[in-house]
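What the coordinates show
Now for the letters of each chain:
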Amino acid sequence: IENIDTLEDFYSSIRSQQEDPKNHGPHYCAHHDMISRYMGECDSYKELGTHQGASAAAALLAGAEMVHFIDHTLEKYNAQKHLFEDYCKKGLIIECI
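Residues numbered from 1 in each chain as written. Predicted model: local features only at pLDDT ≥ 70, side-chain atom pairs only at ≥ 80, totals over all residues. Heavy atoms only, no water.

1. Observations concerning the nonpolar core
Leu7, Phe10, Tyr45, Leu60, Phe69 and Phe84 are the most contacted members of the largest nonpolar core, which totals 23 residues. Listed by contribution, the elements that provide at least two residues to this core are α1 (7–19), α3 (54–61), β2 (66–70) and α5 (81–90). With 6 residues, α3 is the single largest residue contributor to this core. (Core = buried A, V, L, I, M, F, W, Y, C linked by side-chain atoms within 4.5 Å. Buried < 20%, exposed > 50% of the residue type's maximum accessible area, 1.4 Å probe, protein only. Helix = DSSP H or I, 4+ residues; strand = E, 2+ residues; numbered from the N terminus.)

Laid out in structure tokens, this is it:
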């Protein structure tokens, strides 16, 4: 993912890529919708298996105030890490790890 400056743009781009029939297909991001729906009932989000950070972005954009992202390697996430950090700095995010 190149030429992306905000977490919102990252999420829009990666979701579009994931839902493309050439990739995972139109129903692949249904779990993003569930995360977004239920974030209204809580303020923290922990994710095991972050990969690039698509569902983690969904949680932040849905209002998570504290997030923890875990994976055996954060290599793919690290390419976008600055977008997550920038988003957390300008919002009311208590903890973004």
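2. Thoughts on the pattern of salt bridges
Summed over the entire model, instances satisfying the criterion amount to 3 salt bridges. As a salt-bridge pair, Arg15 and Asp33 come within 2.9 Å of each other at their nearest N and O atoms. You can see Arg15 sitting in helix α1 and its partner Asp33 sitting in helix α2 (residues 30–38), a full 18 residues away along the chain. Between Lys81 and Glu85 there is a salt bridge, and its shortest N-O distance comes to 3.8 Å. Taken together, the residues Lys81 and Glu85, both in helix α5 and 4 residues apart, mark about one turn of the helix. For Lys81, a relative accessible area of 34% corresponds to the partly exposed category. What makes Glu85 partly exposed here is its relative accessible area of 33%. Each of Arg15, Glu19 and Asp33 takes part in salt bridges that share partners, so that together they form one network. (Salt bridge = Lys/Arg side-chain N within 4 Å of Asp/Glu carboxyl O.)

3. Description of α5
What α5 keeps buried is the set Leu83, Phe84, Tyr87 and Cys88. Buried residues of α5 fall within an arc of 130 degrees about the axis and therefore sit on the same side. For α5, the exposed residues set more than 90 degrees away from the buried face come down to Lys89 and Lys90. (Arc of directions from axis to C-beta.)

4. Quick notes on the packing of aromatic side chains
Where two aromatic rings form a pair, the distance of their centres and the angle of their planes describe that pair. Here the structure, examined in full by the defined rule, presents 4 aromatic pairs. Note on Phe69 and Phe84: the rings are 5.6 Å apart at their centroids and 75 degrees apart in plane angle, and the pair reads as edge-to-face. Note that Phe69 is positioned in strand β2 and Phe84 in helix α5, a separation of 15 residues in sequence. We classify Phe69 as buried; its relative accessible area is 7%. What makes Phe84 buried here is its relative accessible area of 0%. Here the aromatic rings of Tyr77 and Phe84 are separated by 5.0 Å at their centres, their planes lie at 55 degrees, and the arrangement is tilted. One aromatic cluster is present, formed by Phe10, Phe69, Tyr77 and Phe84 through successive ring pairs. (Phe/Tyr/Trp six-rings, centres within 6.5 Å; stacked < 30°, edge-to-face > 60°.)

5. Comments concerning the layout of surface pockets
Its boundaries defined by the atoms lining it, the largest pocket holds a volume of some 210 Å³. Contributing to the lining of the largest pocket are 16 residues, with Gln18, Tyr28, His51, Gln52 and Ala54 lying nearest its centre. Listed by contribution, the elements that provide at least two residues to the lining of the largest pocket are α1, α2 and α3. Tallying contributions element by element places α1 first for the lining of the largest pocket, with 3 residues. Residues of the lining of the largest pocket, tallied by class, amount to 3 nonpolar, 12 polar and 1 charged. (1 Å grid on protein atoms, 1.4 Å probe; cavity = no way out; pocket = protein on both sides within 12 Å on 5 of 7 lines; lining within 4 Å. Points joined across faces, edges and corners; volume = space filled by probe spheres on them. Nonpolar A, V, L, I, M, F, W, Y, C, P; charged D, E, K, R; others polar.)

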